[in-house]
Amino acid sequence: MPYTFQSVKDTEKLTDSSKLCNFIEGFADYENQFSLICGKIKALFGQPIYQTENLENLFLYCILATSEEGKEVYLHIYCAGSGPAVGGMQDEKSRKAAKALVDYVWQADPVNYTHEAYYLDGPSALEFGIRDGVPYYSETELNLSEKEFRELYTRLS
């Protein structure tokens, strides 16, 4: 493998970064692929730096990618409105490491997990995860009053 990857807790290494690539693109079964990739990320890197109930700011990992030549690149795996993605500096070595990271994660076996979150554009409540190795994803539309929506928004912000 051209890189080794390690989860680190140093968020200062994430400055000046932006999205380099998505984990999921063009899948007809996006919801199950979403659950699957999150389970693979958890299997490889454990607990994130943070995890929330807001689908548009679900989690963050800081990843140290080390090339065979010993060069280090800091990336981050996060989940925002466009789904799980890899971010980093907008340079060639970061893009190359990000592509290798995506390939590395897709080759992993997922862990079982469950997560509940909210998507405020719906608004909807989500439950997703891996159960006995099988991904699942369910979404329930929320019928909230204006006050209930503000309270949920405030809690998730």
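Refer to the structure above for everything that follows.
What this report covers is the structure whose coordinates are included nearby.

### A closer look at the sheet that holds strand β7 (residues 113-119)
Spatially, 3 strands are ordered β7-β8-β9 in an open sheet, and the strand pairing comes out antiparallel. Lying at the two open borders of the sheet, with one neighbouring strand each, are β7 and β9 (134-141). On average, adjacent strands in this sheet sit at an angle of 15 degrees to one another, irrespective of strand direction. Pairing between strand β8 (residues 124-131) and β9: 8 bridges, direction antiparallel. Residue pairing in the sheet places F128 in a bridge with Y137 of β9. Taken strand by strand, helix α1 (residues 30-45) contacts β7, β8 and β9, and its axis lies near 125 degrees from that of β9.

### Observations concerning the side chain of S35
Here S35 is to be found in helix α1. By relative accessible area, S35 is classed as buried at 0%.

### Considering the pattern of salt bridges
All chains considered together, the criterion is met by 5 salt bridges. E53 is the salt-bridge partner of R155, the closest N and O atoms lying 2.6 Å from each other. With R155 in helix α3 (residues 146-156) and E53 in the loop between β3 (50-51) and β4 (57-67), this residue pair connects regions lying 102 residues apart in the sequence. On the basis of relative accessible area, E53 is assigned to the partly exposed category, the value being 31%. K99 serves as the salt-bridge partner of D103, at 2.9 Å between the closest nitrogen and oxygen. Pair noted here: D103 and K99 are both in helix α2 (residues 92-106), with a separation of 4 residues, about one helical turn. Since its relative accessible area comes to 48%, K99 is described here as partly exposed.

What counts, and where the lines are drawn
Residues numbered from 1 in each chain as written. Predicted model: local features only at pLDDT ≥ 70, side-chain atom pairs only at ≥ 80, totals over all residues. Heavy atoms only, no water. Pairing = 2+ DSSP bridges. Helix = DSSP H or I, 4+ residues; strand = E, 2+ residues; numbered from the N terminus. Axes fitted to C-alpha atoms, helices over the stretch in contact; angles between N-to-C directions. Contact = heavy atoms within 4.5 Å. Buried < 20%, exposed > 50% of the residue type's maximum accessible area, 1.4 Å probe, protein only. Salt bridge = Lys/Arg side-chain N within 4 Å of Asp/Glu carboxyl O.

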